[in-house]
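Take a look at the letters that make up each chain.
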Amino acid sequence: MFTGIVQTQATVVSAVLREGIMKLVLSVDSHHLEKLTHGASIAINGCCLTVTDFEVRGADVVGQVSFDVIDETLKLTNLSALQQGDRVNFERSVTFGTELGGHIVSGHIHCQATILAFIRDADNCRIKLAIPEQWKKYILYKGFISVNGASLTVGKLEEDGFWLHLIPETLALTNIGLAHVGDVFNIEVDQQTYTTVNTVEHYLRKNRGNFSL
């Protein structure tokens, strides 16, 4: 489980695809790997991955962490397009006592969103995203959404997409500000919204014709 508060950006050392599995190696400041264990979960661009290996080289030195990314994950996420030198969002899993600054994020990506517009000035950034039709019903004005693992609030809804408004701190901590029109982000819709919408739809289907307004 994660909070959607990206802790840092990691750099792709290598992303080698063999027999449907990507061997992904990232470099990151070693203090982000403190008390890490094999099998631990880390959200990379919002996708929950399992640590297969890691190397810590001292508190002030860059370390490395490795993952196996399976074919299903490659199909659903933008991890399949990673290349050496790319920057990815990095968040360790939540622990007891962690401040929940964002919203509950599972690290299970639902779909990808395409950037339709990217408007940036000195103090603000607005991004318009389009997602597949079947996921639009889970996008609510002022609702939560995870974009490349970052917990964000949905802005204006339009027929062909929705807007996000990003502050400078979010742009500095995440890789969202490095994107361009046409790029894709990993999207995880808010679990509470997902459950509520599906529950209401199920109730209406089950009780069609059995209630009145």
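Reading guide: rules and limits
Residues numbered from 1 in each chain as written. Predicted model: local features only at pLDDT ≥ 70, side-chain atom pairs only at ≥ 80, totals over all residues. Heavy atoms only, no water. UniProt positions renumbered as here; feature names shortened; annotations may be inferred. Helix = DSSP H or I, 4+ residues; strand = E, 2+ residues; numbered from the N terminus. Buried < 20%, exposed > 50% of the residue type's maximum accessible area, 1.4 Å probe, protein only. Contact = heavy atoms within 4.5 Å. Core = buried A, V, L, I, M, F, W, Y, C linked by side-chain atoms within 4.5 Å. Pairing = 2+ DSSP bridges. Axes fitted to C-alpha atoms, helices over the stretch in contact; angles between N-to-C directions.

**Let's talk about the UniProt feature "domain: Lumazine-binding" (unreviewed entry) in the protein chain**
- As annotated in UniProt, the feature "domain: Lumazine-binding" (unreviewed entry) corresponds to residues 1-103 and 104-200 in the numbering used here.
- Each end of residues 104-200 is marked by a C-alpha atom, and these two atoms are 21 Å apart; helix forms 16% of the span and strand 42%.

**As for the environment of alanine 40**
- When you line up the elements, alanine 40 lands in the loop between strand 2 (21-29) and strand 3 (41-44).
- Among the residues examined, alanine 40 registers a relative accessible area of 17% and is labelled buried.
- Sequence separation of alanine 40 and isoleucine 70 is 30 residues, and the distance between their C-alpha atoms is 16 Å.
- Beyond its immediate sequence surroundings of up to four residues, alanine 40 is in contact with Leu49, Thr50 and Val51.

**Notes on the nonpolar core**
- Core analysis: the biggest nonpolar cluster contains 26 residues, and Leu129, Ile145, Val147 and Ile187 have the highest contact counts within it.
- Sequence-distant contacts of isoleucine 145, that is, excluding residues within four places in its chain, are made with His103, Ile139, Ala150, Ser151, Leu152, Val154, Phe162, Leu164, Ile187 and Glu188.
- If you look at the next biggest cluster of nonpolar residues, it comprises 23 residues, including Ala10, Leu26, Ala40 and Phe90.

**A few points about the pairing of strand 3**
- Note: strand 3 against strand 4 (residues 47-55), four bridges, orientation antiparallel. Looking at strand 4, one finds that serine 41 is bridged to threonine 50.
- Linking strand 3 back to strand 4 in an antiparallel pair, the connection comprises two residues, with asparagine 45 at a positive phi of about 55°.
- Inspection of the sheet shows strand 3 paired to strand 6 (residues 87-92) by three bridges, in the antiparallel sense. When the bridges of strand 6 are listed, isoleucine 42 appears paired with arginine 92.

**A few points about the sheet that holds strand 9 (residues 144-147)**
- With respect to topology, six strands assemble into a closed barrel ordered 7-8-11-10-9-12, the strand pairing being antiparallel. Neighbour to neighbour, the strand axes of the sheet diverge by 45° on average, direction disregarded.
- Both strand 9 and strand 12 (residues 184-189) contribute to a ladder of three bridges, which runs antiparallel. Bridge pairing in strand 12 links valine 147 to isoleucine 187.

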